[in-house]
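Structural features, examined
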Amino acid sequence: MSLLEVRDLEVHFPIKSGTLFQRTVGAVKAVDGVDLDIEAGTTFGLVGESGCGKSTLGRAIMRLIEPTKGSVTLDGQDILALSERKMRSVRRQFQMVFQDPMASLDPRQSVESLLTEPLRAHKFPGGSAGHAKRVRELLDVVGLPESVVNRYPHEFSGGQRQRLGIARALALNPALIIADEPVSALDVSIQAQVINLLKELQERFSLTYVVIAHDLAVVRHISKTVAVMYLGGIVEQAPAADLYRQPLHPYTKALMSAVPVPDPNVEETRSRILLQGDLPSPANPPAGCRFHTRCPWKQATKCDTERPALRELPLVAPGHKVACHYAEDILAGKITPHEVRPEEVELTPAGSSPGSIEATEAHVAGGLTPGGPPGAH
Amino acid sequence: MSVNEVVAGEPGGPAPATTEAAARPPSSLGREALRRLVRNPMAVVGMVLIAVFVLVAIFAPLIAPYSPTDNSWLDQVRPGQYPGPSAEHWLGIDPLGRDVFSRIIYGARQSLLIGVVSLALGAVAGIALGVLAGAFGGWVDTLVMRFVDIMLSVPGLLFAIAVAAMLGQSLTSVMIAIAVVNVPIFARLLRGEMLGQRGADYVLAARSLGISRSAIVFRHVLPNSFTPVIVQGTLTLALAIVEAAGLAFLGLSGSDPSAPEWGRMLTDAQETLTSAPMLAIYPGLAIVLAALGFTLVGESLREALDPKFRR
Amino acid sequence: MSLLEVRDLSVTFTRSGQQPVRAVDGVSFDVAAGQSVGIVGESGSGKSVTSLAVMGLLPSRGVSVGGTVTLDGNELTSMDQRALRDVRGRDVAMIFQDPMTSLNPVVTIGRQLTEVLIRHAGLAKGEAKAEAEQLLRRVGIPDPVRRLGEYPHQLSGGMRQRVMIAIAIACRPKLLIADEPTTALDVTIQAQILDLLRTLVAESGCGMIMITHDLGVVAGLCDDVHVMYSGRIVESAGTKDLFARPSHPYTDGLLQSIPRIDDDDPDNLLHTIPGSARDTVPWDRGCAFQPRCERAVAECLSGPPPVAELGTPIVPHPVRCVRPVGEDVILHEGNVAR
């Protein structure tokens, strides 16, 4: 059975307007109908560009943002139905690792204090002596010396801070860790250290990970299953090796071809699918397939009217799910890409967007306009 | 490769030339800020001014050569002629035959008292409202903030005059008046800061750890929101001293007209401004220096505590 | 002669009461017309300071710049501010990481563009407007007439970066300096912008310096690469040469530690460089990378490491290391030249 089951999850942020009497004039559909099944002991990678809703999805799973619809079942327990009190005690089972280790550590807390806090809150056995022992254990596990217990976050380097963030997440022996861009704020030479640490910890404590990242290479390296998100929905999901060997969704193809490879010979020979224009506004997503406005494989029928479901292709690619009406035809080469002219997209309605997504996903808040070099590829 | 090997060379590890964290004693943000503060010459000037001001206020009876209300030198005063500085009277004698230096010294007492008490009252009430709004949000926030908006919409000085007029002329009403003016400043500041901090990642982290709401507010949000409040407090003290002088100047201070007070000294000096301008300049200078001290320290504190200056 | 010659550039920051910090130390490189040169490094390597020093954009207070920067025969470091302002924008232009902060938020795109054209290219107002429209079209902004009247916040991140590029190429500069131009952008938008830069350099024949931390960006865009560590260039080579034969242990470690999208065996642990950039040695005492280096030997701490030439006079490949990857002998001052 899956450790985590997500069904038809929706997070819509209301867009309010009016100065004195606010009324809802629309919604930013940050997450719009997502299903997930995550096996215990594996890593599930969630990739997408800013504004696709991946961070919001991660936070909604942890119920740090209340979903507007759907269910999240952790270890057989529907956590969206829990009271706030009950929820607090369930939180020990799943933890989060954040992108910016500086921002996610209270600058006024010493290492000792920040690692003890969850232990005290959940009455970790052993009293204060036990807690002190646990703190040292945790530091050892993430590769920091015991001598740092009295130090403060600003005294550490970025990589060390992220180790502290990971130690804190491990404090209560969680089963699931959701890591939101765990390495993207770090220097390249430090990223590898943290990725390896996450892998080692997974083996050692049989952890389950959901790794949210925009870096496809990082996700590939760490994940067993990878899902690609676009405008609030999952467009493709498959075992990592399959997805990277043979991406089926046009968006995934474009995304992969855009990632620079540190090898000039590969860069010279590979073909690129340059997407035109920018991401449409999640407040007013395109009808039908959300990607059809930028899709080089867009067809005359179905694409702009019918939203494709995420479906498995049992005959051509078992275990590989894709949300595209024409996935088989594209794979078989029956449909070829054509030029795309960037399409006009309405601006996000003015008004206060919820701060939480503004912070994590820049595209949601700003006015979005399309464009791109007409036929630049 | 094991984790420990990976971090060899980080603090505690065998890094030959690392002068980072390993060598220094651990330092909290507060200590760091203090270190930056004492390195700033502006802050040092401000702190010296404040120290002089506070010491003078506390030890006024020991410093002042005479009582501030002693008018034994009335016989030396003639209309239009007031004795200037001399060995016995460093700053001369005022039209009522009192020693100006002693009055300035005792005036510091009055100013400090008004400043501290009104700041304390205003800050406590403002912080309470700010915490209420910032911690609960929602309709509590709306209610508190509308109330604060109403307070803010009345011009400060007018409000103070109204309070002084309502409660009668006394030192208490001056302090209350100034405090009331300060309440919305603190309330808004703290509430805004708390709302900002509530969205910070470390608050999200604490929530995901299952820390209770009240613990998050009091252990994380509030301490991290306090920096601007401390800065504002210092700046408000400067303002309170000026405001107290202003109210005294308008004749709204205590009922005893002979009490030494910088603002009142200014009022009194008005009448003799042409013949003895120095009588206005001395208390004016005292007000400016005291206010400057707090302003300098406030501004330097803001700089020292600003994360942008943190390295 | 090269378009740009940087020789022995050094930048030292001094702050009262603190040890002076040498952010850039003895940096030399050339950029030829039509050539893209990558400067790669992590945060604190001095790559951005190098680009600011070339532009003459460092504040004069508390900063001392040494060495020479020669653009098309003109020495820039000794030039006065007035003359330098004319060079900037006309002969050299810069593209920054965050187009939102480098565009003026209260001035329309059109005015920001025409201002540059009027000031540096001496165009009349009408001409400038027509040229601005042309420029926006050239950087791939659809409906340029309407865009000219818009403000930066009305554009997406990718669009803003295109506008920045339009402003940068407005006066047909001889040299374009791009400082992490795509770091703030999504990969698909990054691909668009890199494609645009590639086209611009090919078409206009200007030289380009690409400052980046991303070796993938360098691989696809640059002809030559200089790898910086702790303020110095540790390895320089043609891009293909560098990726085929990374010889400084830092370059080698960095390349091995990057997870690749076309990795054949992603299940293994990544190669790591231990420690962080904080663990360092002053260059005059030895190699700054020594504390993190797997190949470190005693000689690494006996004074500044010599530069070994591993290439040929025509295809140079200098490496600042006493024990480059693939070399078994330990190189000393005496035996480095080959």
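Parameters at a glance
- Residues numbered from 1 in each chain as written.
- Chains lettered and ligands numbered in written order.
- Predicted model: local features only at pLDDT ≥ 70, side-chain atom pairs only at ≥ 80, totals over all residues.
- Heavy atoms only, no water.
- Contact = heavy atoms within 4.5 Å.
- Buried area = accessible area lost by both parts, 1.4 Å probe.
- Salt bridge = Lys/Arg side-chain N within 4 Å of Asp/Glu carboxyl O.
- Polar contact = N/O pair within 3.5 Å; in protein donor to acceptor, adjacent residues only side chain to side chain.
- Helix = DSSP H or I, 4+ residues; strand = E, 2+ residues; numbered from the N terminus.
- Phe/Tyr/Trp six-rings, centres within 6.5 Å; stacked < 30°, edge-to-face > 60°.
- Buried < 20%, exposed > 50% of the residue type's maximum accessible area, 1.4 Å probe, protein only.
- Pairing = 2+ DSSP bridges.
- Domains from an automatic or database assignment.
- Nonpolar A, V, L, I, M, F, W, Y, C, P; charged D, E, K, R; others polar.
- Core = buried A, V, L, I, M, F, W, Y, C linked by side-chain atoms within 4.5 Å.
- Axes fitted to C-alpha atoms, helices over the stretch in contact; angles between N-to-C directions.
- UniProt positions renumbered as here; feature names shortened; annotations may be inferred.

In this assembly, 51 residues from chain A lie in contact with 53 residues from chain C. With both sides pooled, the region where chain A packs onto chain C buries about 4,400 Å², and carbon together with sulfur makes up 56% of that total. A per-residue breakdown of the area chain A buries against chain C is headed by A:Val188, A:His221 and A:Pro262, which together make up 14% of the total. Among the salt bridges present, the one from C:Arg260 reaches A:Asp263, with a minimum N-O distance of 3.6 Å. Counting across the interface, chain A meets chain C through 15 residue pairs in polar contact (both at pLDDT 80 or more). If you list the elements that add at least two residues to the side of chain A that touches chain C, you get α6 (188-205), α7 (216-222), α9 (250-258) and α10 (264-269) of chain A.

Moving on, we come to the packing of aromatic side chains. The final tally for this structure, using the stated rule, is 10 aromatic pairs over all chains. Geometrically, the ring pair formed by A:Tyr230 and A:Tyr251 is tilted, given 4.5 Å between the ring centres and 55 degrees between the ring planes. One end of the pair, A:Tyr230, is in strand β9 (residues 225-230); the other, A:Tyr251, is in helix α9, with 21 residues separating them in the sequence. Like A:Tyr251, A:Tyr230 is buried. Measuring from centroid to centroid gives 5.9 Å for B:Phe53 and B:Trp262, while their planes differ by 45 degrees, and the two rings are tilted. Pair noted here: B:Phe53 is in helix α3 (residues 41-58) and B:Trp262 is in helix α11 (residues 262-271), with a separation of 209 residues, a long-range link. Each member of the pair, B:Phe53 as well as B:Trp262, carries the same accessibility label: buried. Here a set of aromatic residues connected by ring pairs shows up, and it is made of A:Tyr230, A:Tyr251 and A:Phe291.

Right, let's get into the environment of C:Val227. All names here are of chain C. Tracing the backbone through its elements, the reader meets Val227 in strand β9 (residues 224-229). When the C-alpha atoms of Val227 and Ser45 are compared, they prove to be 9.1 Å apart, with 182 residues separating the residues in sequence. Contact partners of Val227, with chain neighbours within four places excluded, come to Val40, Arg232, Ile233, Val234, Glu235, Leu242, Tyr250 and Thr251.

Let us now look at the pairing of strand β4 (residues 69-74) of chain A. All names here are of chain A. With 5 bridges connecting them, strand β1 (residues 2-17) and β4 associate as antiparallel partners. Bridged to Val6 within β4 is Val72. Looking at chain direction, β4 and strand β5 (residues 77-78) are connected through 2 bridges and run antiparallel. Pairing of Leu74 across the sheet is with Gln77, part of β5. The turn joining β4 and β5, which pair antiparallel and follow one another in sequence, is formed by 2 residues; a positive phi near 55 degrees is taken by Asp75.

For the rest of this paragraph, the subject is the domain arrangement of chain C. Accessible area lost during the coming together of the parts is what is often quoted as the interface size. Residue and element names in this part refer to chain C. Each assigned domain of chain C is listed here: domain 1 (1-91 + 177-183 + 205-244) and domain 2 (249-320). For domain 1 and domain 2, the distance between their C-alpha centres works out to 20 Å. Contact residues are listed per partner, giving 17 residues for domain 1 and 17 residues for domain 2. For the pair domain 1 and domain 2, the two sides together bury roughly 1,700 Å², of which 57% comes from carbon and sulfur. The three residues of domain 1 that bury the most area against domain 2 are Tyr229, Arg232 and Val234, which together make up 36% of that side's buried surface. Taken together, the links from domain 1 to domain 2 amount to 9 residue pairs in polar contact (both at pLDDT 80 or more). Among the elements of the structure, β2 (21-31), β9, β10 (232-238) and α10 (239-244) are those that each provide at least two residues to the side of domain 1 that touches domain 2. For the side of domain 1 that touches domain 2, the leading source of residues is β10, giving 6 residues. When grouped by side-chain class, the residues that make up the side of domain 1 that touches domain 2 number 9 nonpolar, 3 polar and 5 charged.

What follows concerns the nonpolar core. C:Ile95, C:Leu113, C:Leu136, C:Val163, C:Ile165, C:Leu176 and C:Tyr250 are the most contacted members of the largest nonpolar core, which has 63 residues in total. Looking at which element gives the most residues to this core, the answer is helix α7 (residues 157-169) of chain C, with 8 residues. Here this core spans two domains, since at least three of its residues come from each of domain 1 (1-91 + 177-183 + 205-244) and domain 2 (249-320) of chain C. Ignoring sequence-local partners within four residues, the contact set of C:Ile95 consists of C:Gln161, C:Met164, C:Ile165, C:Ala168, C:Leu176, C:Ile177, C:Ala178, C:Asp179, C:Pro181 and C:Leu197. Counting residues in hydrophobic clusters, the runner-up holds 58 residues, among them B:Ala43, B:Phe101, B:Leu222 and B:Val229.

In this section: the pairing of strand β1 (residues 4-13) of chain C. Residues and elements named next belong to chain C. Inspection of the sheet shows β1 paired to β2 by 7 bridges, in the antiparallel sense. Its bridge partner lying in β2, Thr12 is registered against Arg22. Taken together, the 8 bridges between β1 and strand β4 (residues 63-71) define a ladder with antiparallel strand orientation. Each residue of the ladder has a partner; that of Val11, found in β4, is Val65.

Another point: the sheet that holds strand β10 (residues 233-239) of chain A. All names here are of chain A. Spatial strand order, β6-β7-β8-β3-β9-β10-β12-β11: 8 strands in an open sheet with mixed pairing. For this open sheet the edge positions go to β6 (94-97) and β11 (311-313), each flanked by a neighbour on one side alone. Between one strand axis and the next, the sheet turns by 20 degrees as a mean value, whatever way the strands run. Relative to the sheet, α9 contacts β9 and β10, its axis offset from that of β9 by approximately 100 degrees.

Residues and elements named next belong to chain B. UniProt records the feature "transmembrane region" (unreviewed entry) at residues 43-64, 112-140, 147-167, 173-190, 229-252 and 280-301, using the numbering of this structure. Split by type, residues 43-64 is 91% helix and 0% strand. Its first and last C-alpha atoms lie 28 Å apart. The straight-line gap between the two end C-alpha atoms of residues 173-190 is 26 Å; of that span, 100% is helix and 0% is strand.

Residues and elements named next belong to chain C. One pass over the structure, following the stated rule, counts 45 salt bridges over all chains. Measuring nitrogen to oxygen at the nearest pair gives 3.7 Å for the salt bridge that ties Asp91 to Lys174. On the criterion of sequence distance, the pair formed by Asp91 in the loop between α2 (81-90) and β6 (92-95) and Lys174 in the loop between α7 and β7 (175-179) is long-range, its members being 83 residues apart. Measuring nitrogen to oxygen at the nearest pair gives 3.9 Å for the salt bridge that ties Arg172 to Glu131. Separated by 41 residues along the polypeptide, Arg172 in the loop between α7 and β7 and Glu131 in helix α5 (residues 125-138) bring together distant segments of the chain. Here Arg172 falls in the exposed class, since its relative accessible area comes to 65%. Counted as one network, the salt bridges with shared partners bring together Asp72, Arg90, Asp91 and Lys174.

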